[in-house]
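Structure assessment
Here's the letter readout for the chains.
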Amino acid sequence: MLYTITEERPARLTVLSYDIQSPRRAYRVRKALEPWRQAKQYSVYETLLGYGEFRGLIAELAECCDFATDRLAAWWPLAGLRLIWDKGRLLAGARNGEANGAPARLPPYIGDFVLCYDIADPEALIAVAAAVGAETARVQRSVYWLRAPAHRLASLMGRCRDHLAAEDRLWAYPLRGSHALWQIGEREAVVLPIATHHWSTS
């Protein structure tokens, strides 16, 4: 089913992620997301969406989900940045979906970040999950919210990088504020941003 919601706003980098319990529902969500993706981890998709496109896609994804158990999340990175740790420092791995590689220039004060990872080795996955989970709030599986100064983000990503193989991914996204992170589904028993929004199917 196609959804069209007309409202003129410029397209911007929008990151969507899912945590779906049913393999069949997860397949339907991936199929809906795939035409829009610029880059991805296993369950995290970068897209360039206008406001109407975003609302239409969320409505389509909502039809695929059972929100008693499933979770969707969306966020809008500051300046379209995706951060990585490489060569001993934070780099802008991409900006608005385009490869970058320049040193990341972040304000020194406390900010909001989303971290997500896709790691193949089970032992490395456990180590990274423990390190990230100790300093963040869990949004959904492999996706976390961090409110901290930029140097703390850099320290955390540097420690996690020691566990990663070349094919693994550890990404971070700076946010303009907690209002730029939406969670769709039942909230879990963790502290999440006050401005987190909830999708209503009624």
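This is a predicted model, so every value here is computed, not measured. (Residues numbered from 1 in each chain as written. Predicted model: local features only at pLDDT ≥ 70, side-chain atom pairs only at ≥ 80, totals over all residues. Heavy atoms only, no water.)

Some points on the packing of aromatic side chains
Tallied over the entire structure, the rule returns six aromatic pairs. Geometrically, the ring pair formed by Phe54 and Trp182 is edge-to-face, given 5.6 Å between the ring centres and 75° between the ring planes. In this pair, Phe54 sits in helix α2 (residues 51-64) while Trp182 sits in strand β12 (residues 181-184), placing the two residues 128 residues apart along the sequence. For the residue pair Phe54 and Trp182, the accessibility class agrees, reading buried in each case. Ring geometry for Tyr117 and Tyr144: centres 5.9 Å apart, planes at 25°, overall stacked. Pair noted here: Tyr117 is in strand β8 (residues 110-118) and Tyr144 is in strand β10 (residues 143-149), with a separation of 27 residues, a long-range link. Through successive ring pairs, a cluster of aromatic residues spans Phe54, Trp76 and Trp182. Sitting over the face of the ring of Trp171, Arg82 holds its NZ or CZ atom 4.2 Å from the ring centroid. (Phe/Tyr/Trp six-rings, centres within 6.5 Å; stacked < 30°, edge-to-face > 60°. Helix = DSSP H or I, 4+ residues; strand = E, 2+ residues; numbered from the N terminus. Buried < 20%, exposed > 50% of the residue type's maximum accessible area, 1.4 Å probe, protein only. Lys NZ or Arg CZ within 6 Å of the ring centre and 35° of its normal.)

Considerations on the packing of helix α1 (residues 23-33) against α2
The geometry of α1 relative to α2 is characterised by a closest axis approach of 9 Å and an angle of 165° between their N-to-C directions. In this view, α1 runs roughly antiparallel relative to α2, as classed from their interaxial angle. In this structure, the crossing between α1 and α2 has a hand that is right-handed. Along the contact surface, α1 presents Arg25, Arg28, Val29, Ala32 and Leu33, while α2 presents Leu57, Glu60, Leu61, Glu63 and Cys64. Partitioned by chemical class, the residues of the contact of α1 with α2 number six nonpolar, no polar and four charged. (Axes fitted to C-alpha atoms, helices over the stretch in contact; angles between N-to-C directions. Parallel < 35°, antiparallel > 145°, perpendicular 65-115°, else oblique. Left-handed = near helix turned anticlockwise from the far one by under 90°. Contact = heavy atoms within 4.5 Å. Nonpolar A, V, L, I, M, F, W, Y, C, P; charged D, E, K, R; others polar.)

With respect to the pattern of salt bridges
Note that side chains of opposite charge can pair when their charged atoms are close. Tallied over the full model, the rule gives eight salt bridges. A salt bridge links Arg82 to Glu46, with the shortest nitrogen-to-oxygen separation between them at 2.6 Å. Of the two residues, Arg82 is situated in strand β5 (residues 81-86) and Glu46 in strand β3 (residues 44-49); the sequence distance between them amounts to 36 residues. Classification of Glu46 by relative accessible area gives buried; the value is 1%. The closest approach of N and O atoms between Arg152 and Glu135, which form a salt bridge, is 3.0 Å. Here Glu135 lies in the loop between α3 (122-133) and β9 (137-140) and Arg152 lies in helix α4 (residues 150-161), a separation of 17 residues in the sequence. (Salt bridge = Lys/Arg side-chain N within 4 Å of Asp/Glu carboxyl O.)

Observations concerning unusual backbone geometry
Here Ala79, not a glycine, exhibits a phi torsion of approximately 60°, which is positive. Summarising the element assignment, Ala79 is placed in the loop between β4 (71-75) and β5. We classify Ala79 as partly exposed; its relative accessible area is 41%. Despite not being glycine, Asn96 has its phi angle at roughly 50°, a positive value.

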